[in-house]
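# Structure at a glance
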Amino acid sequence: MRFVKLALMFVATVSIVSVSDVTKAKADILLEPYLGYTYGTLESKVSGVSTKYDNNNLNLGARVGWQFLIVMAGVDYQMPMSGKFKGQSGAGDFDASGSTLYAFAGARLPVIRAYAGYPLMNEASAAASGTTTTYSGGSGLKLGASFTAIPLIAINAEYITNSYSQVKSGGGSAQDLSAAGYDSVKNDYFMVSVSAPLSF
């Protein structure tokens with residue numbers, strides 16, 4: 001009986017401390033700039049004919065949000081820092097630009113984090129010979145896992161896919177892909193990045 005009483009007292013004490021820690025916990029602001037390299041493909045389909053471009057470029061971005069206990073959420077802004085969409089099978093090369101703003105949510109443990117993002121604003125541009133074609137809208141997904149090797153430095157691996165719904169070429173106005181003769185345009189790639197997750 002004495003052992004049972006001691007065990008119950010121990011459980012009660014741990015429970016009280018745990019509840020106290022939760023009530024004292026506060027949300028932290030997350031600021032996480034990152035630099036990454038992408039490896040994947042931008043694919044354009046017109047009248048059933050597919051043209052593919054290598055999307056192997058440096059990207060710059062930042063996540064801003066809040067963290068509470070194991071939960072984190074916020075926005076994630078990503079853009080190509082430099083590079084090209086390099087045509088496969090004889091297709092021409094294009095200068096790459098654009099940006100994507102994601103809403104993200106995830107879970108964090110002491111060393112590992114996992115998160116997912118959905119694009120709120122989505123744009124990719126390909127420029128050549130003075131003409132820029134911009135793809136936008138549509139849907140997408142970002143899935144990421146992060147490992148904190150040393151304090152304030154994280155290694156991130158992400159899978160990113162974006163399917164666009166509109167196209168704008170040169171000085172024209174944006175129109176639906178189907179109206180411009182496209183079947184689909186999809187940007188599908190992986191990104192490995194180094195980031196500095198800062199909390200305030």
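Read on for a plain summary of the structure. Per chain, residue numbering runs from 1 following the sequence as it is written. It should be noted that, the model being predicted, local features are given only for residues of pLDDT at least 70 and side-chain atom pairs only at 80 or more, the latter also being counted only at that level, while totals for whole chains, interfaces and linings use all residues. The side-chain numbers reported here are obtained from all heavy atoms of the structure, hydrogens and water having been left aside.

### Considering the environment of glycine 117
As for its placement among the helices and strands, glycine 117 is situated in strand β7 (residues 112-128). Among all residues touching glycine 117, those that are not within four sequence positions of it are Tyr102, Ala103, Phe104, Leu141 and Lys142. Secondary structure follows DSSP: runs of H or I at least 4 residues long count as helices, runs of E at least 2 residues long count as strands, and numbering of each begins at the N terminus. By the convention used here, residues are in contact when the closest approach between their heavy atoms is within 4.5 Å.

### Side note on unusual backbone geometry
In this structure, leucine 69 is a non-glycine residue whose phi angle is positive, near 55 degrees. Tracing the backbone through its elements, the reader meets leucine 69 in the loop between β3 (58-68) and β4 (71-82). Of note in the backbone geometry, leucine 152 takes a positive phi value of approximately 70 degrees without being a glycine. Its location among the elements puts leucine 152 in the loop between β9 (139-150) and β10 (153-163).

### Concerning the pattern of salt bridges
Basic side-chain nitrogens of Lys or Arg form a salt bridge, by our definition, when they fall within 4 Å of a carboxyl oxygen of Asp or Glu. By the definition in use, this model includes 7 salt bridges. Residue lysine 84 pairs with aspartate 95 through a salt bridge whose shortest N-O separation is 2.5 Å. Taken together, the residues span a long stretch of sequence, with lysine 84 in strand β5 (residues 84-87) and aspartate 95 in strand β6 (residues 94-108) at a distance of 11 residues. Glutamate 158 is the salt-bridge partner of lysine 142, the closest N and O atoms lying 3.4 Å from each other. With lysine 142 in strand β9 and glutamate 158 in strand β10, the pair connects residues that are 16 residues apart, well separated along the chain. Partly exposed residues are those whose accessible area sits between 20% and 50% of the maximum for their type, while under 20% is buried and over 50% is exposed, using a 1.4 Å probe and protein chains only. Among the residues examined, glutamate 158 registers a relative accessible area of 2% and is labelled buried. Residues joined in a network through salt bridges with shared partners are Glu32, Arg63, Asp76, Arg113, Lys142 and Glu158.

### As for the layout of surface pockets
Approximately 220 Å³ is the volume found for the largest pocket. Lining residues are defined by having an atom within 4 Å of a point belonging to a cavity or pocket. Those points lie on a 1 Å grid over the protein atoms alone, cavities being sets where a 1.4 Å probe fits but cannot get out and pockets being open sets with protein on both sides within 12 Å along at least five of seven lines. Forming the boundary of the largest pocket are 13 residues, of which Arg108, Leu109, Pro110, Arg113 and Thr148 lie nearest the centre. When residues are grouped by polarity, Ala, Val, Leu, Ile, Met, Phe, Trp, Tyr, Cys and Pro land in nonpolar, Asp, Glu, Lys and Arg in charged, and all others, Gly among them, in polar. Split into classes, the residues belonging to the lining of the largest pocket amount to 8 nonpolar, 3 polar and 2 charged. Grid points are joined across faces, edges and corners, and a volume is the space filled by probe spheres set on the points.

### A word on the packing of aromatic side chains
Geometry of aromatic contacts follows a simple scheme: Phe, Tyr and Trp rings, the Trp one being its six-membered ring, pair when their centres are within 6.5 Å, and the pair is stacked under 30 degrees between planes, edge-to-face over 60, tilted otherwise. For the structure on display, the rule yields 4 aromatic pairs. Aromatic pair tyrosine 135 and tyrosine 182: ring centres 5.9 Å apart, planes at 80 degrees, arrangement edge-to-face. Of the two residues, tyrosine 135 sits in strand β8 (residues 131-136) while tyrosine 182 sits in strand β13 (residues 182-195), which places them 47 residues apart along the sequence. For the pair tyrosine 135 and tyrosine 182, a shared accessibility class is recorded, and that class is buried. Seen from their ring centres, tyrosine 159 and phenylalanine 190 are 5.3 Å apart, and the 50 degrees between their planes marks the pair as tilted. Of the two residues, tyrosine 159 is situated in strand β10 and phenylalanine 190 in strand β13; the sequence distance between them amounts to 31 residues. Exposure remark for tyrosine 159: the relative accessible area of 28% places this residue in the partly exposed category. A connected cluster of aromatic rings, assembled from ring pairs, spans Tyr135, Tyr164 and Tyr182.

Fair warning: the whole summary comes from geometry, so function is off the table for now.
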